[in-house]
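Each chain, written out:
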Amino acid sequence: MILNKETFKSDFKKKLMNLYAVDVKEASKLHKYFALGALVKEYASEKWMNTNKQYSKDEEKQVYYFSMEFLIGRLLGSNLLNLGIREVCAEALKELDINLNELEEVENDAGLGNGGLGRLAACFLDSMASLGIPGHGCGIRYDYGLFEQKIVNGYQVEIPDNWLRNGNVWEVKKIDKAVIVKFGGNARPVFINDRLTFLHENYEPVLAVPYDTPVIGYKNNTVNTLRLWSAETVDKDFDLTSFSNGEYTKAVEHKYSIESISQVLYPDDSREEGKILRLKQQYFFVSAGIQSIIRRYKNSGKPLTQLDESIAIHINDTHPSMAVAELMRILVDEEELSWDDAWRVTVNTMAYTNHTILAEALEKWPIKMFSTLLPRVYMIIEEIDRRFREELKARYNDGKKVEDMAIISNGSIKMAYLAIVGSHSVNGVAKLHTEILKNEELANFYNFYPDKFNNKTNGITHRRWLLNANPELSDLITDTIGTKWIKTPTKLVELLAYSKNSRFQRQVRDVKKNNKVKFAKFVKEKYGLDINPDSIFDVQVKRLHAYKRQVMNVFHIMDLYYRLKENPNLDIVPRTFFFGAKAAPGYYLAKQTIKLINTVADKINNDPAINGKIKVLFLENYSVSLAEKIIPCADVSEQISTTTKEASGTGNMKFMMNGAVTIATLDGANVEMRDAVGDENIVIFGMNKEEVLSYERNKNYRSIDYYNSDQRLRRILDSLIDGSLGVPPVEFSDIHKALLANNDEFFVLRDFDSYVKAQNEIDRLYRNEAKWNEMCVNNIAHSGIFSSDNTITEYSKDIWRTRRVNIRL
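Heads up: these notes are all about the structure in this document. What you see is a predicted model, and the numbers here were worked out from it, not measured in a lab. (Residues numbered from 1 in each chain as written. Predicted model: local features only at pLDDT ≥ 70, side-chain atom pairs only at ≥ 80, totals over all residues. Heavy atoms only, no water.)

### A word on the overall build of the chain
Scanning the chain for helices and strands turns up 35 helices and 23 strands. Expected size for 809 residues packed as a compact globule is a radius of gyration near 28 Å; at 27 Å, the chain falls within 12% of this value. Dimensions of the chain along its principal axes, counting C-alpha atoms only, are 90 × 75 × 65 Å. Out of the 809 residues in the chain, the part that is buried amounts to 60%. Long-range contacts, defined as pairs at least 24 residues apart, comprise 76% of the intrachain contacts of the chain with a sequence gap of at least 6. For the chain, the separation between the mean place of its 107 positive charges and that of its 109 negative charges on side chains is 3 Å. (Helix = DSSP H or I, 4+ residues; strand = E, 2+ residues; numbered from the N terminus. Rg over C-alpha atoms; globule rule 2.2 N^0.38 Å. Buried < 20%, exposed > 50% of the residue type's maximum accessible area, 1.4 Å probe, protein only. Contact = heavy atoms within 4.5 Å. Lys, Arg positive; Asp, Glu negative; His and termini not counted. Charge placed at Lys NZ, Arg CZ, Asp CG, Glu CD.)

### Focus on the packing of helix α1 (residues 5-20) against helix α4 (residues 86-95)
Relative to each other, α1 and α4 sit at 65°, their axes nearing to 9 Å. In the packing of α1 onto α4, the handedness of the crossing is right-handed. Here K5, E6, F8, K9 and F12 of α1 come into contact with α4, specifically with V88, C89, E91, A92, L93 and E95. Its residues assigned to classes, the contact of α1 with α4 shows six nonpolar, no polar and five charged. (Axes fitted to C-alpha atoms, helices over the stretch in contact; angles between N-to-C directions. Left-handed = near helix turned anticlockwise from the far one by under 90°. Nonpolar A, V, L, I, M, F, W, Y, C, P; charged D, E, K, R; others polar.)

### A word on the packing of aromatic side chains
The tally for this structure, following the rule as stated, stands at 27 aromatic pairs. A centroid spacing of 5.8 Å and a plane angle of 35° characterise the contact between Y701 and Y706, whose relative ring orientation is tilted. What makes Y701 buried here is its relative accessible area of 6%. We classify Y706 as partly exposed; its relative accessible area is 24%. Feature note: the residues F388, Y396, Y417, F445, F448 and Y449 constitute an aromatic cluster, connected by ring pairs. Against the face of W48 rests K174, its NZ or CZ located 5.9 Å from the ring centre. (Phe/Tyr/Trp six-rings, centres within 6.5 Å; stacked < 30°, edge-to-face > 60°. Lys NZ or Arg CZ within 6 Å of the ring centre and 35° of its normal.)

### A word on the pattern of salt bridges
Under the counting rule described, the total for this entry stands at 65 salt bridges. A salt bridge links E105 to K629; the nearest nitrogen and oxygen atoms lie 3.2 Å apart. Remark: K629 occurs in helix α26 (residues 624-630) and E105 occurs in helix α5 (residues 100-106); sequence separation between them is 524 residues. We classify K629 as partly exposed; its relative accessible area is 26%. Taking the shortest distance from any N to any O, the salt bridge between D710 and R712 comes out at 2.8 Å. Classification of D710 by relative accessible area gives buried; the value is 12%. In this structure R712 comes out as partly exposed when scored by relative accessible area, which is 26%. (Salt bridge = Lys/Arg side-chain N within 4 Å of Asp/Glu carboxyl O.)

### Remarks on the nonpolar core
If you look at the biggest cluster of nonpolar residues, it comprises 146 residues, and the most contacted ones within it are F8, F12, F284, I290, F370 and F445. If one sorts the elements of this core by residue count, helix α10 (residues 272-298) sits on top with 11 residues. Setting aside residues up to four positions removed in sequence, I290 forms contacts with F66, I313, A323, E326, L327, I330 and M350. By size, the runner-up hydrophobic cluster in this structure holds 64 residues, among which are L544, F555, L560 and A583. (Core = buried A, V, L, I, M, F, W, Y, C linked by side-chain atoms within 4.5 Å.)

### Digging into the side chain of Q759
With respect to the helices, strands and loops of the structure, Q759 is situated in helix α33 (residues 748-767). Among the polar contacts listed, one links the side chain of Q759 to the side chain of R575, at a separation of 2.6 Å. Residue contacts for Q759: discarding those within four places in its chain leaves D538, H556, R575, E638 and I663. (Polar contact = N/O pair within 3.5 Å; in protein donor to acceptor, adjacent residues only side chain to side chain.)

### Digging into helix α34 (residues 769-782)
For α34, built from 14 residues, the straight-helix expectation of 20 Å at 1.5 Å per residue is met to within 8% by its first-to-last C-alpha distance of 20 Å. Summarising burial for α34: 11 of the 14 residues are buried, a large majority. (Expected span 1.5 Å × (residues − 1).)

### Re a nonpolar patch on the surface
On the surface, a cluster of nonpolar side chains totalling about 210 Å² of accessible area is made up of V152, Y155 and V157. In this structure, Y155 sits in strand β4 (residues 155-159). Judged by its relative accessible area of 31%, Y155 is partly exposed. (Patch = residues over 30% accessible without salt bridge, like charges linked within 9 Å, V, L, I, M, F, W, Y side chains within 5 Å. Areas by Shrake-Rupley, 256 points an atom, 1.4 Å probe, with all protein chains shown as cover.)

### Details of the sheet that holds strand β14 (residues 408-409)
Taken in spatial order, the three strands line up as β13-β15-β14 in an open sheet, and their pairing is antiparallel. Every other strand in the sheet has two partners, leaving β13 (364-366) and β14 as the edge strands with one partner each. Pairing geometry for β14 and strand β15 (residues 412-414), over two bridges, is antiparallel. Paired with I408 across the two strands is I413, which belongs to β15. (Pairing = 2+ DSSP bridges.)

### Description of unusual backbone geometry
Positive phi outside glycine occurs at N221, with the angle close to 70°. As for its placement among the helices and strands, N221 is situated in the loop between β9 (204-216) and β10 (223-232).

Any functional reading would require information that these geometric values do not contain.
Structure below.
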């Protein structure tokens, strides 16, 4: 897009006046942000319209990516970048005495996700648009995000994440595209024109209203769509009679009941009401999305028996797996296709990504709950299950295997199995993860459907995580190897020619130092803590879960602290440990881990005896925008999950791309990172896959043996319950119990010694400035293969069968 400063300034002033009737001097930062956002959206609107028109005119096959989460973060900076107008806008605003960076800070992070699943979906949308692949997102427009995290006396406290309090400048409400989603009632069989069909009666209707957000490709005129659905009442949402009788709550009861469906991301499901609400959410956006797709497709005039030639639907994890049954319901009941035709179309349209091997995340729904809420959809799943069982019986003559693989079994519906049976492609998200799926967790299905299974290693958008988040490093890379890497990120490998160049090494280190100084200033302003920018910035920021082993990181810090207490002159490179994580509200052990981190931090940061050699900080309310601050300044990236438990990880790739050195287990995509950079540019520790699986099969792990044989562990674990941390002895008793009495499910004690040795190796390597700088450059150079552009190219070619489109203006 070509834009000059004077045109922009004129447009910006007009937008401020039209929206708020104020001039630049009178306008607040909020007014300026919204005016700028509205103007940027306006600049993108013609491209958005042209993109949709060309897709339809040229009959392009389109992808619809269904996901419960889209962790898109803030959009102002990335939209300016992708339109190619960031610099001219920043300069023009400066002439109006406005700081663009300050306006970017006004924007709330969109409360549409929680962790890696949602961030991956956001990266994929960015890559689809930037590659010119016709692909759109489909999800829920949550009124409130997961929660806003406050740390009070070391404890996590959850408050509502009201991210929409000021509105959302990027979205467009499309009330004319609303659809009805039906819950409850009963499905009655009837014959119409000698054809058996089912009438859904006595249901509760919910109006699904779409809000569309432009997904702007990088300098290529493509603007795809993220469509998010909001729940509203179909008819009246206010009972005037009840209100007039003084029954004020009853007057809006129905309205709030309906709107609760899109109210909160991941409502607490520890009670049955919460489980029902989650099930409602999943069906709500799946049904709305598929109805919308079918309506649009029918406008093309093509027969529904050819739907799979024009449409691909991707199921991101198990949450949207009802898409299989819902598409079947629409094709069979509403469009009157035969079962066989509908099934062929459905399987060829659907593709499924599995993101985990953890049983807790492979969703199951109780039959009674499901069939009561979604009676006809349950009948469809019953029939899918019946036919699948017949296939299994014909192949195996093994009753136990049939029952093990059945979609409906033991009173539950297994949603991952529904997705596998109803899709033509099932992919894992890292080579190791896919091998575990094929050979361990889903081996029966792999043996039955070997051609369905494939690997697509996750990726990240280098535009947000390097170009936008680390402009100083991006400029240095461009000055060194040119601009081709921006469109073709694998070109970053050309930096290898400079990995031993002392001048380039110093430049990379200077960029890192500048980023650390900026972050130290941010920490001082927000937390009042002085941190040393010359210390090693050691960072673990990710969702809080026992398998991610934040506890092991804390144990190493405690061991280091105890060593310093015994010998204040201990020769170590000063180090600052950063944590950032949210714990699910009902996940007590994870919340206790946050309390432990903060308790240890308080003790260490206030102990003058250790001369500030180590400091610890828990970063409150971790988010995409906070990640964009901490990742560019990290020296060490902590990727220490128990081997076999992390499907892939994407934070590991972001740190790598910004020149951090990774300390890692051979888990998830860490394996492929190691293969890319070589053992000399990553620090590996811990058990390998075979060792972990052996312990799990043979059940011969005894955590107490490590407690008894390692004095460091004994001291650390005893300190959890002896009051020496300055809290009551019972405070961390559950962590103590999980590791000893409950036998340490994720092998923290087993890997502890190896982890400490790896941390000592980090200290040794960092002292050798030339070696460390070379490692940083090598990591940046090899990170291009982990761009989501490469991943999406593989999805497009191998799974969706879509092509890249050049949008004509």
